[in-house]
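The primary structure of each chain is shown beneath.
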There are 2 protein chains.
Amino acid sequence: MIDRSPQFGCRNPARLAALRIAAALALPLLLASPACAQQTLPDAANGFVNTLMPLPVTLVSKPGSLRLDHSFTYALRGDSGERLSQGAVRLLDRLETRTGISLVKSPAPQGQEAALTIDVLAASDEATPKLGEDESYTLDIDEHHVSLRAKTGIGALRGMETLLQLAQPAGSGFVFPAVHIEDAPRFPWRGLMLDPGRHFLPLPVIYRTLDGMAAVKLNVLHWHLTEDQGFRIESRVFPKLHEQGSDGLYYTQQQVRDVVAYAAARGIRVVPEFDMPGHSTTWFIGYPGLASAPGPYSVSREFGVLDAAMDPTDEATYDFLDKFLGEMAQLFPDAYMHIGGDESNGKQWRANPQIQAFMAAHGMKTTPELQTYFNTRVQKILAGHHKQMVGWDEILSPALPSEAVIQVWHGAEFLVNGAKQGHLGLYSHPYYLDHTYSAAQMFLADPLPAGADLTPDQAKMILGGEACMWGEQVIPSTIDSRIWPRAAAVAERFWSPAADRDADDMYRRLAIESTRLEAEGLTLLSGPEARQRQLAGTEQDQALALFASTLQPVDFHVRSREQHPTQLTVFDRLVDAVRPDPPLQHEFTVLVDGALRGNSADMRRLELLFHSWVDAAPALDRLAANSPLLQEAPAHRSTWPKLGTMGLEALSYLRSDSAPPAGWQESQTALLKEAVKPHELVEFVVLAPLEKLVAAASAPQVH
Amino acid sequence: MIDRSPQFGCRNPARLAALRIAAALALPLLLASPACAQQTLPDAANGFVNTLMPLPVTLVSKPGSLRLDHSFTYALRGDSGERLSQGAVRLLDRLETRTGISLVKSPAPQGQEAALTIDVLAASDEATPKLGEDESYTLDIDEHHVSLRAKTGIGALRGMETLLQLAQPAGSGFVFPAVHIEDAPRFPWRGLMLDPGRHFLPLPVIYRTLDGMAAVKLNVLHWHLTEDQGFRIESRVFPKLHEQGSDGLYYTQQQVRDVVAYAAARGIRVVPEFDMPGHSTTWFIGYPGLASAPGPYSVSREFGVLDAAMDPTDEATYDFLDKFLGEMAQLFPDAYMHIGGDESNGKQWRANPQIQAFMAAHGMKTTPELQTYFNTRVQKILAGHHKQMVGWDEILSPALPSEAVIQVWHGAEFLVNGAKQGHLGLYSHPYYLDHTYSAAQMFLADPLPAGADLTPDQAKMILGGEACMWGEQVIPSTIDSRIWPRAAAVAERFWSPAADRDADDMYRRLAIESTRLEAEGLTLLSGPEARQRQLAGTEQDQALALFASTLQPVDFHVRSREQHPTQLTVFDRLVDAVRPDPPLQHEFTVLVDGALRGNSADMRRLELLFHSWVDAAPALDRLAANSPLLQEAPAHRSTWPKLGTMGLEALSYLRSDSAPPAGWQESQTALLKEAVKPHELVEFVVLAPLEKLVAAASAPQVH
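Please read all numbers here as calculations on a predicted model, not as lab measurements.

Colleague: Mind showing me how you'd approach the overall build of chain A here?
Modeller: Per the secondary structure count, chain A includes 26 helices and 19 strands. Taken against the 2.2 N^0.38 rule, which gives 27 Å for 703 residues, the C-alpha radius of gyration of chain A at 28 Å falls within 12% of a compact globule. By principal-axis analysis of the C-alpha atoms, chain A measures approximately 95 × 75 × 50 Å. The buried share of chain A, taken over its 703 residues, is 64%. If you take every contact in chain A between residues at least 6 apart in sequence, the share linking residues at least 24 apart comes to 76%. Here chain A has roughly 24,400 Å² of accessible surface; of this, 56% comes from carbon and sulfur atoms. With 60 positive and 83 negative side-chain charges, chain A shows a spacing of 3 Å between the two charge centroids.

Right, dumping it as C-alpha cells:
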C-alpha cells in the first residue's frame with residue numbers, strides 16, 4: 001500500500017481512504033465554517049471580516065490596518081480615574097494574552113505620541129454606574145493611530161471591548177483593521193440574572209460571569225439571592241437568615257461589596273433580588289413569625305412552587321422588611337431593588353383564618369389583591385430607602401404604584417400592558433437560559449418588535465431585558481455552557497439596532513465569541529469536555545465527542561418531569577456533558593439547505609458527517625459497555641448510527657435521482673418520530689433538517 | 001456508494017474507507033491502551049485490575065465486590081475529630097461526583113450497621129501533621145462491608161484515597177472490588193515544591209495542587225516564598241518586604257493560615273522557604289541595609305543567578321532575620337523551615353572591603369566558608385524559634401551543624417555525603433519538573449537505590465524527597481500540566497516499595513490517574529487544550545491536537561537559552577500548549593517494540609497513526625497560515641508529515657521483507673537528525689523509536 005517514492009503514494013483506494021481520513025480529521029474545520037471565517041485576513045482591498053459581537057450601530061471599513069507590536073502605547077485624556085486606567089491595563093493584558101506580544105502597561109509619558117488615545121469628555125461616579133448613563137463611543141483606526149472617544153468612562157469601557165474584538169491575526173502578526181465606528185446601545189438595561197439560591201454559585205462563577213458580561217456589553221447583574229432552597233447573603237441585622245437558611249453557603253457582606261466593586265469597575269450595575277412574599281421558605285427557618293403558617297421550616301431540597309409565604313397582614317412583617325431592606329440598601333448602591341413577587345400561590349393565606357379575616361375586612365376577594373397590598377407596602381419601604389422597586393410580572397395590577405418596574409417572564413402582552421399602565425418594563429420571557437431556545441430564537445425575539453402596539457412614549461418605557469439563568473439544573477461546572485454563548489446573542493439583541501436580524505451572520509460571529517469568552521476564563525467549552533472525560537474515563541474519546549456534538553440537554557420542563565432533580569441530585573450525566581444549541585445544530589441546517597439547493601460541497605460534507613456517525617458508533621458502544629453513566633442513554637446510542645445511515649441513503653437517492661424503494665420514507669419517518677421522543681434527558685439537534693432531507697430524497701421529481 | 005439495505009453498505013472500497021475512518025476516530029482509544037484498562041471489569045474469577053497509584057505494599061485480590069448504591073453509609077470509630085469527619089464527607093462527595101450516585105454525607109446513626117467503618121486507634125494533633133507520623137492503614141473489602149483501619153487519622157486519610165481509587169465501573173453501576181490491603185509509606189517526607197516567587201501562583205493554584213497531592217499521598221508542600229523576582233508573603237514586622245518586593249502579588253497572613261489549615265486537614269505539612277543569603281533581591285528593595293552592596297534594588301524581571309546577597313558580617317542582618325523568622329515561625333506550625341542557601345555567587349562579598357576584612361579576620365579564604373558561617377548563625381536563630389533548618393545542598397560543608405537537613409539537587413553523591421556527615425537528607429535531583437525527564441525516568445530514580453554506599457543507620461537519614469516545580473517558565477494556566485501527572489509517578493516512588501519498578505505498568509495506571517486528577521479540579525489536560533484552542537482560534541482543531549500529541553516542551557535549559565524568557569514574557573506559544581512526556585511518548589515506544597516483534601495489531605496501529613500525521617498536515621498548514629503563533633514552528637510543521645511518511649515506508653519495507661532502495665536509510669537518518677534539533681521551543685517525542693523502526697526496515701535479514 002505504500003509507494004516507494006518519498007511522497008506518500010497515491011494509488012486510487014489509498015487516495016480515497018486518505019481523503020476521507022483527512023476529511024474526518026478536518027471535520028470540525030470543514031463544518032465550522034463560521035469559525036473559519038475568523039481565519040480570513042482583513043483585506044484592505046476587499047473590506048474586512050466583521051467579528052464584532054454585539055454589532056455596532058455604524059461601522060465603516062477602510063483600507064489598511066494598524067500593526068500591533070511591542071511599541072504599542074496608550075494615553076488617557078480627560079478622565080484620569082481608577083476605573084478607566086485599570087480598564088486600559090486590562091485591555092492591554094488581554095491583548096497580550098491573545099497575541100503573545102508583550103505590551104507596556106503604563107500610559108505613554110506626557111508629550112509622547114501614543115498609538116491609542118482614549119478621550120473621555122467628563123469624569124463620572126465610578127463606584128455606582130447608573131441606569132441610562134451615556135454608553136456611546138466612537139472608534140477610529142487608521143494605519144498609525146487608534147482614537148477612542150466617549151462622553152463617559154463607561155462609554156470608553158464599551159469601546160475598549162470593541163477594540164479588543166477587532167484585533168485580528170494577519171500573516172505572522174496581529175492588526176487592528178482601519179475602521180470608523182459610531183456606537184451606542186439600543187436599550188439602557190441589558191441584564192443577566194444569576195440564581196445562587198437553588199444551587200450556590202461560588203465567587204469564581206460570579207466573577208467570570210461578570211467578565212463575560214463586560215465582553216459583550218451587558219450592564220446589569222441581577223442577583224437572585226434568596227430562595228426556598230437557600231438564603232445566600234449575610235445579614236448582620238437578622239443573622240439567622242443566612243445562618244439557618246444557607247447550609248453555610250452564602251456571600252459575606254465583604255464579598256458582596258467586592259463583587260459590586262468588581263462589577264462597577266466594568267460599568268455593570270448589580271441589582272439584588274430578595275424574593276417575597278413567596279419563594280421565602282429559608283427566611284422562616286430562623287424567623288418563623290414572618291410566615292403565614294406556623295412551621296417549622298427547613299431548607300427545601302425540592303424545587304417548584306412552595307406554599308410558604310410571608311404574612312402580609314402582620315405589621316411585624318413590614319418592620320422586619322424595613323430593617324432588612326434597609327441593611328441591604330447600604331450594601332447595594334444601585335437605585336433599583338428587586339422583590340421577586342413571582343409564584344406566590346396563596347395557599348397559606350387561604351388556610352389562615354386571621355388572614356382571611358383581614359382580607360374580608362379590607363374587601364379583598366382574591367389573594368392577588370392581597371399580594372398587591374403587600375407589594376404596595378413594600379414599595380413604600382423601598383422608597384424610604386431610596387430604592388425603586390422591580391418585580392416579576394405577577395405584581396402587575398391596576399392598583400400597583402406606577403413606580404414599580406415590571407420584569408416580564410410570562411409573555412410580551414405583560415410588557416405591553418405594563419407600559420400602557422405607566423410601568424417601566426424589562427423583557428425576559430424569550431431569554432430563559434434554562435430552556436433550550438436556540439441562540440437564533442433568542443436573538444430574533446425583540447423586546448420592542450416592529451409593529452408593537454405602543455405609542456412612542458409608551459415604547460420608551462421598555463428599558464430592555466434580561467437573560468435569566470435559573471439555578472435548578474445547573475452547577476458551577478455546567479453553568480457557563482448554559483449561559484454562554486447564547487447570552488451573547490441576547491446581549492446583541494439588547495445593544496444593536498433592531499434591524500440587525502441576520503441569524504446566519506450572528507452564528508458566524510457567535511462561534512468566534514465562544515472562543516473569546518473561553519479565553520476570558522469562562523468554561524463554556526471546557527466544562528462539557530471535562531464532563532465527557534469523566535463519562536469516558538479516558539483523556540479524550542472521539543466517538544463520545546462526536547456523539548455529544550449531535551445532542552443537547554432537554555428543556556428545563558422535560559428534565560424536571562423525567563428526572564425530578566432536587567438540590568441533592570448529582571449532576572454528572574450525559575445531559576450535563578452536552579450543550580444547549582451546540583454549533584452543529586445551525587451548521588447542519590445550513591448544510592442540508594445547501595445540499596437541497598444542489599451544492600455539491602455541502603453534500604460531500606454531509607456525507608462525511610453521516611459516515612463519521614456510522615463509523616464511530618461501535619467505539620461508542622464499547623465505551624458505554626463499561627461506563628455506567630453512558631449506559632443510561634441506550635436509545636440515543638442505538639439511534640445515532642441509524643440517523644447516519646438514513647442521511648447516507650437520502651444523499652444517495654438525491655444524487656442518483658432514483659426513487660427510494662417503497663416504504664423507505666415511511667420507515668425513516670417512523671425512526672425520526674421515535675428519535676424525537678424526549679427521554680434519557682438529551683435530544684438530537686439534527687432531526688428537523690434530516691426529515692427535510694428524507695422528504696426531498698423521497699420526491700426525486702423536485703430536482 | 002450507498003447500499004439500499006437498511007445497514008450501511010459494505011462494498012470493498014467503502015468498507016476499507018469506513019474501517020480507516022473508524023480507526024482514525026478511535027485512534028486515541030486504540031493507542032491509549034492504558035486508559036482502556038480502566039474500562040476492564042474487575043472480574044471475581046480473573047482477579048482484578050489494579051488502578052491504584054501509588055501501589056500499596058500488600059494487595060490481595062479476592063472474589064466478589066461490594067456494589068455502591070444510595071444506601072452506602074459510613075461510621076467513624078475511635079477518632080471523632082473534625083479532620084476525620086470532614087475527610088469522610090469529602091470522600092463521599094468525590095464518590096458521588098464520579099458515580100452519579102447520591103450518598104448520605106452524615107455518619108450512620110449509632111447502633112446501625114454501616115457499609116464503611118473507619119476505625120482509628122488514637123486521636124492526634126489535627127492542626128499540625130508531623131514528620132514521621134504513622135501513615136499506615138489496612139483496608140478490607142468484602143461483598144458486604146468496607147473496613148478501613150489505621151493507627152492515626154492521617155493513616156485513615158491515606159486509606160480513604162486508596163478506597164476512592166478502588167471504585168470501578170461494573171456494568172450499569174460501580175463497585176468496590178473485594179481486597180485486602182496493608183499499606184504504609186516507604187519514606188516519611190514526600191514533598192512537592194512550588195515557586196510563586198518567579199511567577200505568582202494565585203490561591204486556587206495552591207489549593208488544587210494540595211488536592212492533587214492528597215490524592216497521590218504526597219505529604220509536604222514546600223512553599224518557595226521569596227525570590228529575586230518576588231517576595232510573596234505579608235510581613236507585619238517588616239512590611240516593606242511584601243509592599244515593595246511583590247508588585248502587589250503576595251499571600252496575606254490570613255491566606256497563609258488558611259492554606260496551612262487546608263493542607264493539615266489533608267495530612268499535608270507546609271514547609272516555607274525563605275531563600276538566603278542569595279536569591280534575595282526583593283528583601284533589599286525596602287531594606288537595602290541588609291545587602292552586601294548599597295543598591296538601590298528593584299524587583300528583578302530577569303531570571304538566573306543574581307549577585308544580590310545578604311551581608312553575613314553585619315549583626316543587624318541577624319537581628320532582622322531573628323525578628324522576621326520569628327514572625328514566620330508563628331505562621332507556619334511545622335517543625336522545619338527552609339532557608340534556601342542555593343546559588344549564592346559571592347560576588348558582592350568579594351567586592352565589599354568590609355566583608356573581605358571580616359573574612360580575613362576570621363581566617364576564611366572562600367565565600368562558601370563565609371556562607372557556612374552565615375548558615376550556622378541562621379541555624380541558631382531557627383533553633384531559638386524551635387525550627388529545624390533545611391537547605392539546598394550548597395549548604396553542605398564539614399562545619400555545618402548536623403541538625404541541618406540537606407535537600408539535594410546536584411546529584412546523589414550529595415545525599416550520600418550528607419548522610420555520612422550525619423545530615424538528614426531529601427532527594428530532588430531527578431525530580432525537577434521543569435526538566436523534561438519522563439515519568440518513567442522520575443519513577444525509576446530512587447532516593448535510596450539498591451547498593452547505595454550507606455550503612456543501614458546512614459540509610460535511615462534519607463527522609464525521602466521532593467518533586468520541584470520551579471517557576472521561571474510556568475504560569476497558572478500551564479503549571480498543572482507541568483506538575484501532573486509526572487508528580488504522581490514521583491509520589492509512587494516515595495510511597496511504594498523499592499521493588500515497584502515496572503514502568504509499563506506505572507504508565508498504564510498513570511493514564512488513569514491523569515483523568516482522576518483532572519476530576520479533582522486540576523487542569524493538567526484542559527489547560528493545554530485551552531491554549532491549543534487559543535492558538536487555533538476555533539473551538540477545536542483535530543489537526544493541531546494530533547500535531548500537539550507528538551510534541552513536548554523543550555527542556556528548561558533549552559528554553560532559557562533559545563527564548564530567554566523573563567518575568568514579563570507572555571507564555572502563550574506552542575510550547576505552552578503541549579505537555580512534557582505526553583502519553584504518546586510511551587505508547588509509541590511500546591507500539592514500535594511490538595511491531596518489531598512482529599505484532600501485526602501494533603503494526604496496523606502504527607500505520608493508522610502515521611497516516612493520520614500525513615493526512616492532517618495540510619489542515620495544520622492551513623490553520624497556521626492565519627495563526628501568527630503557530631507560524632512560529634515552521635520546521636516542526638513541515639517535518640511532521642515527513643515523519644509519517646518515513647514510518648509508513650519503514651512499515652512497508654518491514655512487511656514486504658524487501659530492502660529499501662539505496663540511500664533510503666541515510667536520507668531518513670538525515671531527516672531524523674534535523675528533526676531532533678532543539679528549536680521552536682518544542683521537540684518531537686517519537687524520534688528515537690522511529691529511528692529504531694528505520695534501522696530495522698533497513699536490515700530486512702533480521703526477521
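Resuming the write-up.
Colleague: What's the story with the nonpolar core in this structure? I'm lost.
Modeller: With 97 residues, the main nonpolar core has Phe274(A), Trp283(A), Phe332(A) and Trp484(A) as its most contacted residues. A total of eight residues in this core trace back to one element, the largest contributor, which is helix H9 (residues 315–331) of chain A. Look past the residues within four positions of Phe274(A) in its chain and what remains in contact with it is Leu225(A), Thr226(A), Ile233(A), Trp283(A), Phe324(A), Leu325(A), Met328(A), Phe332(A), Met337(A), His338(A), Ile339(A) and Gly340(A). Counting 96 residues, the second largest nonpolar core, distinct from the first, contains Val216(B), Ile233(B), Tyr431(B) and Phe494(B).

Colleague: Hey, could you run me through the pairing of strand S9 (residues 220–224) of chain A in this one?
Modeller: Every regular strand shows the same layout, with side chains that alternate between the two sheet faces. Residue and element names in this part refer to chain A. Within S9, five of the five residues are buried, which leaves it mostly tucked inside the rest of the structure. Burial along S9 is two-sided: Val220, His222 and His224 and Leu221 and Trp223, pointing in opposite directions, are all buried. Across four bridges, strand S8 (residues 189–194) lies against S9 in parallel orientation. Bridging from a neighbouring strand, Gly191 pairs with Val220 of S9. With respect to chirality, the unit in which S8 leads through helix H5 (residues 203–215) into the neighbouring parallel S9 is right-handed. Here five bridges tie S9 to strand S12 (residues 269–273), and the two strands are oriented parallel to one another. Each residue of the ladder has a partner; that of Trp223, found in S12, is Pro272.

Colleague: Quick question: what am I supposed to make of the pattern of salt bridges here?
Modeller: Opposite charge on two side chains permits pairing when their charged atoms draw close. Scanning the entire structure with this criterion turns up 74 salt bridges over all chains. Between Glu513(B) and Arg516(B) there is a salt bridge, and its shortest N-O distance comes to 2.7 Å. Taken together, the residues Glu513(B) and Arg516(B), both in helix H18 (residues 503–519) and three residues apart, mark about one turn of the helix. Among the salt bridges present, the one from Lys677(B) reaches Glu674(B), with a minimum N-O distance of 3.2 Å. Three or more residues are tied together by salt bridges with common partners; here these are Arg94(A), Arg98(A), Glu161(A) and Glu520(A).

Colleague: I keep staring at helix H3 (residues 82–99) of chain A and nothing clicks. Help me out?
Modeller: One turn of an α-helix holds 3.6 residues; hence residues three or four places apart share an orientation. Along its 18 residues, H3(A) runs 26 Å from first to last C-alpha, staying within 8% of the 26 Å computed at 1.5 Å per residue. Just beyond H3(A), the residue with positive phi is Gly100(A), at close to 75°.

Colleague: Can you help me understand the packing of helix H25 (residues 664–675) of chain A against helix H26 (residues 687–697) of chain A in this one?
Modeller: Two numbers describe a pair of packed helices, the interaxial angle and the distance between the axes. Residue and element names in this part refer to chain A. Contact geometry for H25 and H26: axes closest at 10 Å, N-to-C directions at 175°. By the angle between their axes, H25 is roughly antiparallel relative to H26. On the side of H25, the interface is formed by Trp664, Gln665, Gln668, Thr669, Leu672 and Ala675, while H26 contributes Leu687, Leu690, Glu691, Val694, Ala695 and Ala697. Looking at side-chain class alone, the contact of H25 with H26 contains eight nonpolar, three polar and one charged residues.

Colleague: How should I be thinking about the environment of Met461(B) in this particular structure?
Modeller: All names here are of chain B. Following the sequence through the fold, Met461 ends up in the loop between helix H15 (456–459) and strand S17 (462–469). Separated by 42 residues in the primary sequence, Met461 and Ala419 place their C-alpha atoms 5.8 Å from one another. With near-sequence residues (within four places) excluded, Met461 lies in contact with Ala419, Gly422, His423, Leu424 and Gly425.

Colleague: Could you clarify how one ought to interpret the packing of aromatic side chains in this entry?
Modeller: Describing an aromatic ring pair means giving the distance of the ring centres and the angle of the ring planes. Residue and element names in this part refer to chain B. All chains considered together, the criterion is met by 58 aromatic pairs over all chains. Summarising the aromatic geometry, the rings of Tyr207 and Tyr262 are spaced 4.6 Å apart at their centres and angled 75° between planes, so their arrangement reads as edge-to-face. Here Tyr262 lies in helix H7 (residues 253–265) and Tyr207 lies in helix H5 (residues 203–215), a separation of 55 residues in the sequence. Relative accessible area serves as the criterion here: at 22%, Tyr207 is assigned to the partly exposed category. Tyr262 gets classed as partly exposed once you look at its relative accessible area, which sits at 23%. Ring plane angle 85° and centroid distance 5.9 Å describe the contact between Tyr427 and Tyr431, whose orientation is recorded as edge-to-face.

Colleague: Would you explain unusual backbone geometry in this entry?
Modeller: When glycine is set aside, most residues are seen to have a negative phi, and most peptide bonds are trans. Cis geometry is found at the peptide bond from Trp484(A) to Pro485(A), where omega equals 5°. Considering the arrangement of structural elements, one finds Pro485(A) in the loop between helix H16 (476–483) and helix H17 (486–495). Of note, the bond from Met53(B) into Pro54(B) is cis; its omega dihedral lies within 30 degrees of zero at 0°. Despite not being glycine, Leu681(A) shows a phi value in the positive range, around 70°. Here Leu681(A) is to be found in the loop between H25 and strand S19 (682–684).

Colleague: Looking at this structure, how should I read the pairing of strand S14 (residues 388–392) of chain A?
Modeller: Residues and elements named next belong to chain A. Most of S14 sits out of view: four of its five residues are buried. Note that strand S13 (residues 336–338) and S14 share three bridges and pair parallel. When the bridges of S14 are listed, His338 appears paired with Val390. Alignment of S14 against strand S15 (residues 405–408), held across three bridges, turns out to be parallel. Residue pairing for S15: Val390 is matched across the bridge by Val405.

Colleague: Sorry, what's going on with the environment of Arg232(B) here?
Modeller: Residues and elements named next belong to chain B. Mapped onto the elements, Arg232 comes out in the loop between strand S11 (230–231) and helix H6 (240–245). Here Arg232 falls in the buried class, since its relative accessible area comes to 1%. Residues contacting Arg232, with those up to four places away along its chain left out, are Pro196, Gly197, Arg198, Phe200, Leu225, Ser246, Leu249, Tyr250, Tyr251 and Gln567. Separated by 2.9 Å, the side chain of Arg232 and the backbone oxygen of Pro196 make a polar contact. A distance of 3.0 Å separates a polar atom in the side chain of Arg232 from the backbone oxygen of Gly197.

Colleague: Sorry, what's going on with H7(B) here?
Modeller: All names here are of chain B. With 13 residues, H7 ought to run about 18 Å at 1.5 Å a step, and its terminal C-alpha atoms sit 18 Å apart, in line with that. Within H7, burial applies to Gln253, Val256, Val259, Val260, Ala263, Ala264 and Ala265. Tucked inside the fold, the buried residues of H7 contact helix H3 (82–99), helix H4 (153–166), H5, strand S9 (220–224), strand S12 (269–273) and helix H9 (315–331). Positive backbone phi, approximately 70°, marks Gly267, located one or two places after H7.

Colleague: Got a minute to help me understand the confidence of the model for chain A in this structure?
Modeller: The predicted coordinates of low-pLDDT regions are not to be read in fine detail. Residue and element names in this part refer to chain A. Here chain A averages 91 in pLDDT, and 93% of its residues register 70 or above. Between residues 1–46, whose pLDDT stays under 50, and residues either more than four places distant or in other chains, the model counts 106 contacts. Here the complex is predicted with pTM 0.86, and the ipTM for its interfaces comes to 0.78.

Colleague: In this structure, what is going on with the side chain of Arg559(A)? I would like to understand it.
Modeller: Residues and elements named next belong to chain A. Along the polypeptide, Arg559 turns up in helix H21 (residues 556–563). Looking at Arg559, the relative accessible area reads 2%, which means it is buried. At a separation of 2.6 Å, a polar atom in the side chain of Arg559 contacts the side chain of Gln563.

Colleague: Explain the side chain of Gln371(B) to me, please; I cannot follow it from the model alone.
Modeller: Inspection of the secondary structure puts Gln371(B) in helix H12 (residues 367–384). We classify Gln371(B) as buried; its relative accessible area is 7%.

Colleague: What exactly am I supposed to notice about the environment of Trp613(A) here?
Modeller: Residue and element names in this part refer to chain A. For Trp613, the position within the fold is in helix H23 (residues 600–625). By relative accessible area, which is 1% here, Trp613 ends up buried. In this structure, Trp613 is in contact with Leu546, Thr550, Leu584, Phe588, Trp640, Pro641, Leu643, Gly644 and Val686, ignoring residues within four places of it in sequence.

Colleague: How should the packing of H3(A) against helix H4 (residues 153–166) of chain A be read in this particular structure?
Modeller: Residue and element names in this part refer to chain A. Where H3 contacts H4, the axes come no closer than 10 Å and their chain directions differ by 5°. By the angle class used here, H3 and H4 are roughly parallel. Contacts from Arg83, Leu84, Gly87, Ala88, Arg90, Leu91, Arg94, Leu95 and Arg98 of H3 reach H4 at Gly153, Ile154, Ala156, Leu157, Met160, Glu161, Leu163 and Leu164. Partitioned by chemical class, the residues of the contact of H3 with H4 number 10 nonpolar, two polar and five charged.

Cut-offs applied
Residues numbered from 1 in each chain as written. Chains lettered and ligands numbered in written order. Predicted model: local features only at pLDDT ≥ 70, side-chain atom pairs only at ≥ 80, totals over all residues. Heavy atoms only, no water. Helix = DSSP H or I, 4+ residues; strand = E, 2+ residues; numbered from the N terminus. Rg over C-alpha atoms; globule rule 2.2 N^0.38 Å. Buried < 20%, exposed > 50% of the residue type's maximum accessible area, 1.4 Å probe, protein only. Contact = heavy atoms within 4.5 Å. Areas by Shrake-Rupley, 256 points an atom, 1.4 Å probe, with all protein chains shown as cover. Lys, Arg positive; Asp, Glu negative; His and termini not counted. Charge placed at Lys NZ, Arg CZ, Asp CG, Glu CD. Core = buried A, V, L, I, M, F, W, Y, C linked by side-chain atoms within 4.5 Å. Pairing = 2+ DSSP bridges. Right-handed = clockwise from strand over helix to strand, strands pointing away. Salt bridge = Lys/Arg side-chain N within 4 Å of Asp/Glu carboxyl O. Expected span 1.5 Å × (residues − 1). Axes fitted to C-alpha atoms, helices over the stretch in contact; angles between N-to-C directions. Parallel < 35°, antiparallel > 145°, perpendicular 65-115°, else oblique. Nonpolar A, V, L, I, M, F, W, Y, C, P; charged D, E, K, R; others polar. Phe/Tyr/Trp six-rings, centres within 6.5 Å; stacked < 30°, edge-to-face > 60°. Polar contact = N/O pair within 3.5 Å; in protein donor to acceptor, adjacent residues only side chain to side chain. pLDDT = per-residue confidence, 0-100.

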